[in-house]
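# Working through the structure, step by step
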Amino acid sequence: MSEILSYLLEGVQILLLLSAAPVFTGWVRTVRCWLQGRTTAGIFQPYRDLTKLFYKDIVLAENASWIFRFTPYLVFGAAVLAGAIIPILSVDLPLSTTADVIALVALFAMARFFTALAGMDVGTAFGGMGSSREMTIASLAEPAMLMAVFTVSLVSKSTSLSQMVQVIGHGQLILRPSLAFALLAFVLITLAETGRVPVDNPVTHLELTMIHEGMILEYSGRHLALIEWAGMMKLFLFAVLGIASFFPWGIAEAGNLITLPMALLFLMTKLGLAGAGLVLIETGLAKMRLFRVPEFLGSAFLFATLGMLSYFMLE
Amino acid sequence: MISPFILTSASLFVILLALILVPLLSRSQRLLIVSVFSLTAVASLLTLTAGIWTVRDGITESYIILLGLPDLPFHMRLDPLSGFFLTVIGALGFMVSVYSIGYVKGFIGHRPVTSLVVFYSLFLAGMFMVVLADDAFFFLISWEVMAAASYFLVMFEDEKTENRRAAFLYLVVAHIGAIAILLSFGLMAGSATGFEGFNGYTFDAMRHATFPPHWAAVAFFLAFFGFAAKAGVVPLHVWLPEAHPVAPSNVSALMSGIMLKTAIYGIVRVTFDLIRDFPWWWGTVVLIFGLASALLGILYALQQQDLKKLLAYSSVENIGIILIGIGLSMTFAAFHNPVLSALALTAGLYHTLNHAMFKGLLFMGAGAVLHATHERNMEETGGLIHKMPWTSALFLIGCLSISALPPFNGFVSEWLTFQAFLLSTALPSTLLNLLIPLGAALLALAAALAAMCFVKAFGVTFLGQWRGRHHPHIHEVDWSMRTGMGMAAIACLCLGIFPTVMINWMDAVSVMLVRGKLSESAGAFGWLWLTPLSHERASYSGPIVLLGIVGVVSVVFLLLHARRRTIHRGPLWDCGFEKITPRMQYTATAFSMPIRRVLGFLFHVRERQEAKRHPVHKAFIERLRYSLRVRDHLWDWLYQPVADVSFWVARRVGRLQQGRIQVYLIYSFVTIILLLVLLR
């Protein structure tokens with residue numbers, strides 16, 4: 001019985017991911033509009049954008065190979081699989097043991113690998129530029145990401161996500177300096193990994209500054225829709241991953257269905273706050289020059305290392 | 001009765017048969033290639049079977065061969081460790097032998113291939129014998145057979161200065177290393193018998209000896225130096241990016257895929273089997289060298305424009321990752337933690353096997369590109385995915401594996417290494433607790449840079465449009481080359497999906513070396529789940545990751561294609577810019593520019609721009625010349641001084657040579673007098 005229930009939960013969670021990711025992006029855009037004094041298109045605008053793209057035909061470059069056509073599906077698949085692994089609503093997930101947090105990072109790396117290849121596939125200068133920059137930033141973000149994950153897993157003595165969530169959720173509500181530093185590092189890495197200001201600007205098409213947009217410049221129709229949707233899911237997943245590893249309180253435990261509505265309410269509140277925080281960072285900062293990004297990621301690495309040192313020194 | 005040992009001996013005889021056939025068949029080169037490479041494939045297959053069998057059953061057999069010096073016969077031994085390496089060598093040897101049938105045919109009409117065929121067989125036989133040897137003499141003889149054969153293989157296209165220079169450099173480094181190994185064995189043999197008698201030369205005598213700690217340290221570091229020179233550990237890696245690219249590609253695959261691994265075998269054999277008892281800081285030294293190799297290797301690889309040079313530098317990185325596993329294992333073993341030690345050792349050895357598969361595949365792929373386009377420089381290629389669909393798909397699998405992306409094999413071994421890093425908190429030393437995690441961060445950096453490096457390698461070579469000035473007739477390679485690469489690609493996928501099966505199989509090795517058993521915890525939940533210590537600690541399931549991705553991708557694909565919206569093909573959009581030419585694509589140099597800028601202090605970078613201006617209107621630039629040279633700092637800091645000093649000494653010594661017989665007679669006379677005085 002509980003087996004079936006947990007599989008059901010898994011399905012619910014994937015559906016939640018697919019449907020809530022565009023809303024989260026819409027929420028972020030809405031808050032930004034409020035802060036900048038503009039009228040908003042509503043939090044459901046990303047749905048309309050996606051629908052529009054799904055209905056459009058595809059114009060494919062003449063020399064695009066199968067990699068270009070395969071990439072959107074793979075990026076989407078990796079995001080959905082990642083969503084099945086991260087505990088969003090409940091820790092009782094059958095697929096959660098499929099991959100631990102290191103494998104999760106590798107799953108995102110695979111999506112990035114193919115996106116970068118797709119950027120180079122048609123042979124434009126912008127595509128290559130985007131790929132080169134994206135891979136550079138990713139390779140500098142990876143050590144910092146691992147150090148942050150390492151610190152959390154030191155505290156929870158595991159790299160398995162549901163185990164990490166359970167241990168931290170059951171711990172006392174005290175301020176651990178190691179986790180505080182790790183959180184700081186994680187926020188900086190999230191900005192870099194999901195391509196937000198100050199590292200990349202998701203709304204720009206100004207040629208010389210784009211990174212992620214540069215790689216997907218040649219996409220259209222349903223391919224673009226899949227990539228955009230996967231991008232929204234990635235932002236959502238990073239937010240959820242941060243919530244699950246640092247503020248898991250309120251998540252539903254195994255075999256406890258009654259807490260599920262509460263867990264949903266908690267999640268919505270936390271995501272709302274996370275989105276607002278993201279907008280505050282994005283409107284407060286200007287986009288950096290590309291060669292300042294290593295310093296930015298270096299400081300993320302430093303925070304994560306400090307977190308780990310303080311675990312050994314203080315805890 | 002068939003035993004693994006009989007199978008390995010049979011494989012050596014098959015190679016001997018192949019060598020006997022060579023003079024008979026050298027008239028018909030085509031027949032020679034087919035028959036000899038088929039025989040080496042059979043020999044490799046026999047060895048592969050023997051290796052798998054030995055490791056699975058944990059067999060240990062020793063034999064004395066009545067060959068060698070009087071009273072000092074050769075000893076051979078087959079145990080799980082040598083069985084594991086026989087498996088690695090046999091597996092890649094088989095794939096590359098099949099591949100060679102097609103590849104070497106490309107030389108027909110250009111040059112005789114007899115020497116290539118002969119030394120290829122000898123090279124394989126040498127590697128088989130190295131891992132079978134159970135005494136210092138036989139080991140060193142096999143080691144030299146391997147080194148000499150590979151020297152001639154690097155020299156194969158000997159009309160090019162580049163090749164001769166590379167082969168010479170290789171020979172020098174290989175022999176400096178061999179001297180260190182010889183000295184190390186001498187020390188251990190001497191200690192085993194108390195420097196009396198010759199019987200200490202067998203590994204068995206060394207195994208039962210107790211070494212004084214300082215002598216053990218000297219012996220270990222001599223051996224480590226010697227094997228590190230062969231493995232291409234930074235700073236002894238300089239020969240590798242010279243020698244691997246110029247050798248024929250099937251040989252590069254063997255050199256990078258398995259010859260470097262014999263050095264890993266040597267390190268493991270000497271450390272865990274012969275010396276056995278070591279302090280923790282040896283492991284830390286190995287770990288530090290591993291980290292330096294991993295990081296610097298991949299950074300240099302990223303700066304290359306030559307596809308094979310890039311792959312050679314990436315071998316330096318992967319040897320580093322293997323050494324990280326071995327170093328961690330040594331540290332854990334020194335603190336008497338057999339299970340963690342087994343985990344780290346398994347990670348290292350698993351990466352050894354994985355690297356053999358994907359690097360073999362990538363070098364075979366590079367060979368296919370070279371075969372089809374006659375171009376090694378990535379800046380002149382591009383768009384090969386349209387002309388060579390098979391090669392590009394197989395090469396892509398190699399790139400995914402080496403970039404440690406799930407569900408391929410490189411990911412599993414790096415994941416195990418990360419787990420070993422994370423468990424270093426179990427060590428009772430605070431210093432190590434603090435420092436080892438930083439190593440994990442360096443490994444993460446190296447892994448991420450590897451992904452960047454192989455996006456570049458694949459993207460520039462196979463994607464985009466052809467960059468070269470000439471448009472050669474490019475064709476897909478023949479069946480034997482595709483089969484060779486295909487088998488390696490399948491191995492990459494299977495090793496990534498069924499790691500639990502492999503780890504259960506490899507258990508005998510870690511039981512033998514560190515007395516730690518991993519299979520009980522790693523395979524506790526069946527073949528589907530890999531749980532290195534406990535399922536609460538960490539778990540990974542390759543099959544489910546693969547099924548999950550394939551499932552989601554196919555469902556989405558089918559859903560979207562149900563409506564049958566058409567795809568229009570059109571010219572490039574590129575933000576509306578017109579007249580895009582292939583020369584405007586990102587090149588290999590351009591791709592790695594951000595890293596050159598960020599981490600440039602690690603290289604010796606010389607970048608120059610010269611503008612030729614219009615004679616009248618100075619503001620207009622007619623032509624722009626850009627030149628870039630990236631070199632190892634180590635070459636200037638370490639090798640140039642040594643070379644300078646040896647030339648200086650040679651010049652000084654040269655003054656003794658007057659060219660007059662009288663002077664030489666005086667030298668002999670003085671020597672005799674001195675000897676009489678000193679050795680009365």
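Residues numbered from 1 in each chain as written. Chains lettered and ligands numbered in written order. Predicted model: local features only at pLDDT ≥ 70, side-chain atom pairs only at ≥ 80, totals over all residues.

To continue, consider the overall build of chain A. Helix and strand counts for chain A come out as 11 helices and 1 strand. The globule rule puts the C-alpha radius of gyration for 315 residues at 20 Å, and the 19 Å found for chain A is close to it. Dimensions of chain A, computed from the C-alpha atoms along their principal axes, are close to 55 × 45 × 40 Å. A burial count over chain A gives 61% of its 315 residues as buried. Once local pairs closer than 6 in sequence are excluded, the contacts in chain A between residues at least 24 apart make up 80%. (Helix = DSSP H or I, 4+ residues; strand = E, 2+ residues; numbered from the N terminus. Rg over C-alpha atoms; globule rule 2.2 N^0.38 Å. Buried ≥ 20, exposed ≤ 12 C-beta atoms within 10 Å, placed from the backbone. Contact = placed C-beta atoms within 7 Å.)

Per the secondary structure count, chain B includes 25 helices and 5 strands. For chain B, the C-alpha radius of gyration of 27 Å lies close to 26 Å, the compact-globule estimate for 680 residues. The dimensions of chain B, computed from C-alpha atoms along their principal axes, are 95 × 75 × 60 Å. Expressed as a percentage of its 680 residues, the buried residues of chain B come to 54%. A separation threshold of at least 6 residues defines the contact pool for chain B, and within that pool the share at least 24 residues apart is 77%.

What follows concerns helix α17 (residues 430–462) of chain B. All names here are of chain B. Between its first and last C-alpha, α17 extends 48 Å over 33 residues, near the 48 Å set by a 1.5 Å rise per residue. When you tally the buried positions in α17, you get 26 out of 33 residues, the bulk of the element. Once α17 finishes, G464 follows within two positions and takes phi at roughly 75°, a positive value. (Expected span 1.5 Å × (residues − 1).)

Another aspect to go through is the pairing of strand β5 (residues 621–632) of chain B. Residues and elements named next belong to chain B. Burial analysis of β5 places just 1 of its 12 residues in the buried class, a small minority of the element. Across 11 bridges, strand β4 (residues 603–613) lies against β5 in antiparallel orientation. When the bridges of β5 are listed, V605 appears paired with V630. (Pairing = 2+ DSSP bridges.)

We now examine helix α8 (residues 213–231) of chain B. Every α-helical turn comprises 3.6 residues, leaving residues that sit three or four positions apart pointing alike. All names here are of chain B. Taking 1.5 Å per residue as the helical rise, α8 with its 19 residues ought to reach 27 Å, and the 26 Å between its terminal C-alpha atoms agrees with that figure. By the burial criterion, the buried members of α8 are A216, A219, F220, L222, A223, F224, G226, F227, A228, A229, K230 and A231. Immediately downstream of α8, the backbone of G232 shows phi near 80°, a positive value.

So, about the interface of chain B and chain A. Counting from both sides, the interface comprises 70 residues of chain B and, opposite them, 67 residues of chain A. Of all the secondary-structure elements, those providing two or more residues to the side of chain B that touches chain A are α14 (384–387), α16 (409–422), α17, α21 (542–561), β3 (567–570), α22 (588–591) and α23 (593–598) of chain B. When strand β1 (residues 58–61) of chain A meets β3(B), the two strands line up parallel, connected through 4 bridges. Residue pairing across strands places A:A61 opposite B:G570, the latter belonging to β3(B).

A few words on the packing of helix α12 (residues 307–334) of chain B against α16(B). Residue and element names in this part refer to chain B. Interaxial distance between α12 and α16 falls to 10 Å at its minimum, and their mutual angle equals 35°. Here the hand of the crossing between α12 and α16 comes out left-handed. Residues I321, I324, G325 and L328 of α12 touch α16, and the partners they reach there are E414, T417 and A420. Among the residues forming the contact of α12 with α16, the class breakdown is 4 nonpolar, 2 polar and 1 charged. (Axes fitted to C-alpha atoms, helices over the stretch in contact; angles between N-to-C directions. Left-handed = near helix turned anticlockwise from the far one by under 90°. Nonpolar A, V, L, I, M, F, W, Y, C, P; charged D, E, K, R; others polar.)

Looking at soluble globular proteins, one finds that nonpolar side chains tend to be buried together. Counting 353 residues, the largest nonpolar core has A:A78, A:A144, A:A148, A:A185, A:F236 and A:A304 as its most contacted members. Among the elements that take part in this core, α17(B) stands out by supplying 21 residues, more than any other. Residues in contact with A:A78, not counting those within four places in the same chain, are A:L107, A:F108, A:M110, A:A111 and B:I549. (Core = buried A, V, L, I, M, F, W, Y, C linked by C-beta atoms within 7 Å.)

Turning our eyes to something else, we now look at the pairing of strand β2 (residues 72–78) of chain B. In terms of burial, β2(B) is a largely internal element, 5 of the 7 residues being buried. Here strand β1 (residues 61–69) of chain B folds back onto β2(B) in antiparallel fashion, the turn holding 2 residues, of which B:D71 has a positive phi close to 70°.

What you tend to see is this: most non-glycine residues have negative phi, and most peptide bonds are trans. Residues and elements named next belong to chain B. Cis geometry marks the peptide bond from V234 to P235; its omega dihedral reads 10°. With respect to the helices and strands, P235 occurs in the loop between α8 and α9 (240–246). Backbone geometry at H336 places phi at a positive 55°, although glycine is not the residue there. Position of H336 among the secondary structure elements: in the loop between α12 and α13 (338–373). Notably, A404 is not glycine yet its phi reads approximately 55°, a positive angle. By the secondary structure assignment, A404 is in the loop between α15 (389–402) and α16. Here A404 falls in the buried class, since 30 other C-beta atoms lie within 10 Å of it.

All names here are of chain B. Tracing the sequence through the fold places T202 in the loop between α6 (161–193) and α7 (203–207). Sequence spacing of T202 and A192 is 10 residues, and the spatial spacing of their C-alpha atoms is 9.6 Å. Those residues within four positions of T202 in sequence are excluded, and the remaining contacts are H75, D134 and D135.

Attention shifts here to the environment of B:W505. Residue and element names in this part refer to chain B. Within the element layout of this structure, W505 appears in helix α19 (residues 499–514). Owing to 17 C-beta atoms within 10 Å, W505 belongs among the partly exposed residues under this scheme. Here the alpha-carbon distance between W505 and F203, two residues 302 residues apart in the chain, equals 25 Å. Not counting residues up to four positions away in its chain, the partners in contact with W505 are V55 and R56.

Right, let's talk about the packing of helix α1 (residues 2–36) of chain A against helix α9 (residues 221–246) of chain A for a bit. All names here are of chain A. Viewed as axis vectors pointing N to C, α1 and α9 meet at an angle of 90°, and their least axial separation amounts to 8 Å. It follows that α1 is roughly perpendicular to α9 by the angle criterion. Residue-level inspection shows L17, A20, A21, P22, F24 and T25 of α1 in contact with α9, the latter providing M232, M233, L235, F236 and A239. (Parallel < 35°, antiparallel > 145°, perpendicular 65-115°, else oblique.)

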